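Observations on chain architecture
Residues per chain, in single letters:
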Amino acid sequence: MASYRLLAITSLTALVTILSGTATAAPPTVDRATTGKAGRASVSTVGGPQQAVRLATGERLELMGDPTRSASPFRVLPAGDSVRPGRFAYGAAGGKLRVQPTGHRAQAVQLRAGARGSATVRADAYYPVKLTINSPTGFGSKLIYVWDRRTWTAYAVNDEQFTPNGSTNLPNGDYFAVALYTQWGGGSYLLTRTFQIANGGATVRFDQSTAKETRIAVDDPTATRYTSAVWISVPGGLAGFAGGGAEKVYVTPYSVAGTSLRLHEILIKQGTSEYVPSPYRYDLYRSFDDTVPATPVVNLTRTGLAVTTTSVRGQGRATNASLLTVPSTSDWTGVYLPSPVAVPGTVTEYVTPERSFMRLLHYRPMAQDMTLRDRALSAGLSAGETIGGAPFAPRRSPGTGSSRDITRMFIYEYPALSDAAGNLGIDRSAKVSINLSSGGEPYISASGLSPYQSVSATVPSVSTVYQLNHTVTRVASWSRLSTEVRSQWQFLSAGVRYSDPLPLVDVDFATAGLDTQNTARLTPVKITATASSRRSGAVATLTGLEYSTDDGTTWAALPVSGSADRASVELTVPSTAAFVSLRATAADDSGGTLRRTVIRAFAGPASQSDETVGATKISNVVVNGGKPVVLTASGAREFTATFTATDPSGIAGGDVYLWRGPSRGYLPRGSSGNPDRVLVSGWAADCTETSATTSTCQATFRADPRLSLGRNDLAGVWQVAVRAHSKDGRSFTDRRAAASFSMLRHTMLTASAAPTSVVKGKTFAVKGVLAQANWERTSYRGYPGQAVTLQFQKAGTSTYAAVKTVTVDQMGEVTVKVTASVSGSWRYVFAGTSTTAAVTSSSVYVKVT
């Protein structure tokens, strides 16, 4: 079932890229021979008709339908480099999902076919109904829903924007209404009313004063809410809030059969962030069915929850990721809620027991999606789980894959970058090439495809032997593994029925003995390959298994019996190997064969140094225009990193990330350290052609002193890792320290004089205070032991001269006594350090008489 969610995700991501105007890749190239019986090949987007909308906030709504479920979960992706979306209201009724970010108008997408619609058959008489909200303060936007309590048919409400009012027309009957709105700084409200219409109009009032806070609390004083969803569910519809952080939600207590108030909350450790992820994650759910009590607060204890650990492996580099979950309910739709996780890293999960959750993992913001298996845990301790084990390679999921309809063949081999545990994965930045032929007759030759596209062609209906080559390539600053995955099939196929899966052979890989970065150390690595066939009743055999330590230039065989479908062998990886590639061959008893190759399946023990293949070059790497990045005690700052890339064939793309620490970026073998911190942009660098061979590339970073860094010792010199690759796919360069820049703590320096009018020959005091930004406490503290220089500018002149250099005390304070001689201005100057920005105080004028 997870496969259907993944297909929806992939098609939506492609659509969202178009909607957001960020598509930069060239269109795919599809060549088709015009001779022979076959028709022209065509490209289509994977998956059914899904919806994606860019919201007014820059965030993106993605509806992820699953044909195997009644539910249609959705997610709202944050804008820019943020990890968490802001607060938004949402509701589903009349076959549409509406999402309204706080302070903005709602936007709607169509739900799946067959969803319960709005009322379309008019009764004999409709009566005007006014709906109004009694609130002591104003609000800018709202959503109001009305359902018939007998049929649960939804009735459209006309929203009178920027007023507390709405209106509709209703026939006689019993109704249930919900109003949603958010007050700036005052929480979100989910107000309800039941009412009747009996041969006349009515005014329905929602009373804010009756609403009570609803939440899930746990007996862990260190935990705080990271994000949440609170919604009222009715048969065929819902209305609620999601996103945001610790904002409170208030709901009207009520009793209505057939409805539920549902709560889903994610809690993490206070003071943690996307770059300093929490060591634990609370994933909590509760439903109040039919009746919402007067105090709709759920108090939980850790001892009553399910407990497990989830480890996320890296792909040769440290980065960040988001773990997303949504409870499986009978509702039309639910919201995936994210929380940050470290890569590599382990998080302890405390989960509501006996409740099934659908789950996703995003490596880096929207880079690689992993669709995890649905999970329901029993109370108490459960076995842990590892996500992202190498190699990343194709995994077939039931109900998906290449197929044919009599004479039309559809090539669709996704997900192509799944992990060794079978979690389905896809990298949105990867490129795909497909070639289909038979007896020298080419049917499809396509390259530059996105992972979200399939290719189809008309083929003969008679039984024919085909050759199919499918290649996935990717370059990513955050991953060095599975850079190329090739599958080369031969199979016999005839057009006998519709929706007939192609009878392809598959090979799945798994490994044991790798570390958290999917790296082989001194102990042997156990490699397992398993063959299977998609032809019903066919028997598959693994016929060969090989490894390479030079990216596939040469291969060495591993022992395989050649008569079984599975083989497990141990490999002691040579100490000189930086990467290990795998290749396996398999066949079934119907004549089908496969040779599957994974270049850089996992990392080896040798140091992964800079790489340059071909003529691609990088130059002019600059961060923040060449100036230090200075962060205050609080508040995020955006800055850019730019570089120039050249190649004779042109530049296809590039990427950049920033790192700090003695063992950053490419982790040297033998070093136990992980990067102190890695900063990645929300998207790959945007490369603009300046000529046929040269492009300038830029990435935008967002750094928050507490959320992104959180430690004062991260101030200082940072390194810039840059990668670029050529248009012809033959060249690339990957440099882990292409440049450096300074990330500095902001300083404040004051100067004052007493008195400011003094008789010549008398003394006066010039006082100063030097304070430094404390990123850990989001405040300023005195910066003790630092040298500052007192300077003087004589009245009528334009230059300052140094008078005396002094050291501030333990409070960052300093006082210099001066003998008055001439009028002028005084100031202090701090030259800065390798971790702290320079600063000059404002001047103070002293008049000498």
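Each value, and the rule that gives it
Residues numbered from 1 in each chain as written. Predicted model: local features only at pLDDT ≥ 70, side-chain atom pairs only at ≥ 80, totals over all residues. Heavy atoms only, no water. Helix = DSSP H or I, 4+ residues; strand = E, 2+ residues; numbered from the N terminus. Buried < 20%, exposed > 50% of the residue type's maximum accessible area, 1.4 Å probe, protein only. Contact = heavy atoms within 4.5 Å. Areas by Shrake-Rupley, 256 points an atom, 1.4 Å probe, with all protein chains shown as cover. Pairing = 2+ DSSP bridges. Axes fitted to C-alpha atoms, helices over the stretch in contact; angles between N-to-C directions. Polar contact = N/O pair within 3.5 Å; in protein donor to acceptor, adjacent residues only side chain to side chain. Salt bridge = Lys/Arg side-chain N within 4 Å of Asp/Glu carboxyl O. Phe/Tyr/Trp six-rings, centres within 6.5 Å; stacked < 30°, edge-to-face > 60°. Lys NZ or Arg CZ within 6 Å of the ring centre and 35° of its normal. Core = buried A, V, L, I, M, F, W, Y, C linked by side-chain atoms within 4.5 Å. pLDDT = per-residue confidence, 0-100.

In this section: the overall build of the protein. Each helix and strand counted, the protein has two helices and 68 strands in total. Counting across all 849 residues of the protein, residues that qualify as buried make up 55%. Within the protein, counting contacts between residues at least 6 apart in sequence, those at least 24 apart form 70% of the total. Split by element, the accessible area of the protein, about 32,900 Å² in all, is 49% carbon and sulfur.

Attention now goes to the sheet that holds strand E9 (residues 127-134). One open sheet holds the four strands; their spatial order is E12-E13-E9-E16, and the pairing between them is mixed. On the outer flanks of this sheet lie strand E12 (158-159) and strand E16 (202-207), each paired with one strand and no other. Looking at chain direction, E9 and E16 are connected through six bridges and run parallel. Among the inter-strand pairings, Lys130 is bridged to a residue of E16, identified as Thr203.

Quick look at the environment of Tyr547 now. Topologically, Tyr547 is positioned in strand E44 (residues 540-548). With relative accessibility at 17%, the residue Tyr547 sits in the buried group. The spacing of Tyr547 and Val598 is 51 residues in sequence and 9.5 Å in space, taken between C-alpha atoms. Not counting residues within four places of it along the chain, the set of residues in contact with Tyr547 comprises Thr554, Trp555, Ala556, Leu558, Leu571, Val580, Ser581 and Leu582.

In spatial order, the strands read E42-E43-E46; together these three strands make up an open sheet with antiparallel pairing. Here the strands that pair on one side only, and so sit at the sheet edges, are strand E42 (505-512) and strand E46 (566-571). Neighbouring strand axes in the sheet, compared pairwise and without regard to direction, differ in orientation by 20° on average. Pairing between E42 and strand E43 (residues 525-533): eight bridges, direction antiparallel. Residue pairing for E43: Asp506 is matched across the bridge by Ser532.

What follows deals with the pairing of strand E27 (residues 337-343). The buried count for E27 comes to six of seven residues, which makes it a mostly enclosed element. In this sheet, E27 lies alongside strand E26 (residues 319-327) in antiparallel orientation, the contact comprising seven bridges. If you follow Thr319 over to E27, its bridge partner there is Val343.

Turning our eyes to something else, we now look at the side chain of Asp506. As for its position among the elements, Asp506 is in strand E42. In terms of polar contacts, Asp506 uses its side chain to reach the side chain of Arg534, at 2.8 Å. The contacts of Asp506, once residues within four sequence positions are left out, are Arg396, Trp489, Thr530, Ala531, Ser532, Arg534, Leu594 and Arg596.

With the rule as written, the count across this model stands at 26 salt bridges. A salt bridge links Glu385 to Arg359, with the shortest nitrogen-to-oxygen separation between them at 2.9 Å. Placement of the pair is Glu385 in strand E32 (residues 385-387) and Arg359 in strand E29 (residues 357-363), with a sequence separation of 26 residues. For Arg359, a relative accessible area of 2% puts it in the buried group. The residue Glu413 makes a salt bridge to Arg534 at a minimum N-O spacing of 2.8 Å. Here the residue Glu413 occupies a position in the loop between strand E34 (408-411) and strand E35 (424-427), and Arg534 occupies one in the loop between E43 and E44, the gap between them amounting to 121 residues. Here the salt bridges do not stand alone but share partners, grouping Arg317, Arg480, Asp551, Arg600, Glu611, Arg723 and Asp734 into one network.

A few words now on the packing of aromatic side chains. Taken as a whole and assessed by the stated rule, the structure comprises 20 aromatic pairs. Relative to Tyr90, the ring of Phe88 has its centre 6.1 Å away and its plane inclined at 50°; by these criteria the two rings are tilted. As far as burial versus exposure is concerned, Phe88 and Tyr90 are alike and both buried. On the basis of an interplanar angle of 70° and a centroid distance of 5.7 Å, the ring pair of Phe764 and Trp826 is categorised as edge-to-face. Highlighted residues: Phe764 in strand E61 (residues 763-774) and Trp826 in strand E66 (residues 824-830), separated in sequence by 62 residues. What makes Trp826 buried here is its relative accessible area of 6%. Over the aromatic face of Phe579 sits the side chain of Arg600, whose NZ or CZ is 4.1 Å from the ring centroid.

Here the focus is the pairing of strand E48 (residues 593-603). In terms of burial, E48 is a largely internal element, nine of the eleven residues being buried. Two strands pair when backbone bridges link them, and strand E47 (residues 579-588) and E48 are joined in this way by eight bridges, in the antiparallel orientation. Bridge pairing in E48 links Ala584 to Arg596. Here E47 folds back onto E48 in antiparallel fashion, the turn holding four residues, of which Gly591 has a positive phi close to 100°.

Omega for the bond connecting Ala390 with Pro391 falls within 30 degrees of zero, at 0°, which places this linkage in the cis form. On the secondary structure map, Pro391 appears in the loop between E32 and strand E33 (403-405). Of note, the bond from Ala754 into Pro755 is cis; its omega dihedral lies within 30 degrees of zero at -5°. Of note, the phi angle at Ser482 is positive, near 50°, even though the residue is not glycine. Note on placement: Ser482 falls in the loop between strand E39 (464-473) and strand E40 (484-493). Of the residues examined, Ser482 reaches a relative accessible area of 1% and is grouped as buried.

On to the environment of Arg225, then. Here Arg225 is to be found in strand E19 (residues 223-234). For Arg225, a relative accessible area of 13% translates into the label buried. With 40 residues separating them in the primary sequence, Arg225 and Glu265 have C-alpha atoms 7.0 Å apart. In this structure the side chain of Arg225 is engaged in a polar contact, spanning 2.5 Å, whose partner is the backbone oxygen of Glu247. Reaching out from Arg225, the side chain makes a polar contact with the side chain of Glu265 at a distance of 3.2 Å.

With that out of the way, let us pick up the nonpolar core. Ranked by size, the top nonpolar core spans 76 residues in total, and within it Leu361, Leu436, Phe491, Val507, Phe509, Ile527 and Phe602 carry the most contacts. If we ignore the near neighbours within four places in the chain, the residues touching Val507 are Pro394, Ala529, Thr530, Ala531, Leu542, Ala584, Ala586, Leu594 and Arg596. Grouped together as the second largest cluster of nonpolar side chains are 35 residues, Leu143, Ala223, Val249 and Tyr280 included.

The next point concerns the environment of Thr371. Topologically, Thr371 is positioned in strand E30 (residues 368-375). Between the alpha carbons of Thr371 and Leu324 there is a distance of 9.8 Å; along the sequence they are 47 residues apart.

Right, let's get into the side chain of Ser450. Relative to the helices and strands, Ser450 is located in the loop between strand E37 (441-449) and strand E38 (453-458). Ser450 has contacts with Tyr414, Ala430 and Val432, leaving out every residue within four places of it along the chain.

Averaged over the protein, the pLDDT score is 87; the fraction of residues at 70 or greater is 88%. Contacts of residues 1-26 to residues separated by more than four positions or lying in other chains number 76 contacts, the stretch itself having pLDDT below 50. Note that residues 32-38 has pLDDT below 50 and, in this model, 13 contacts with residues that lie over four places away or in other chains.

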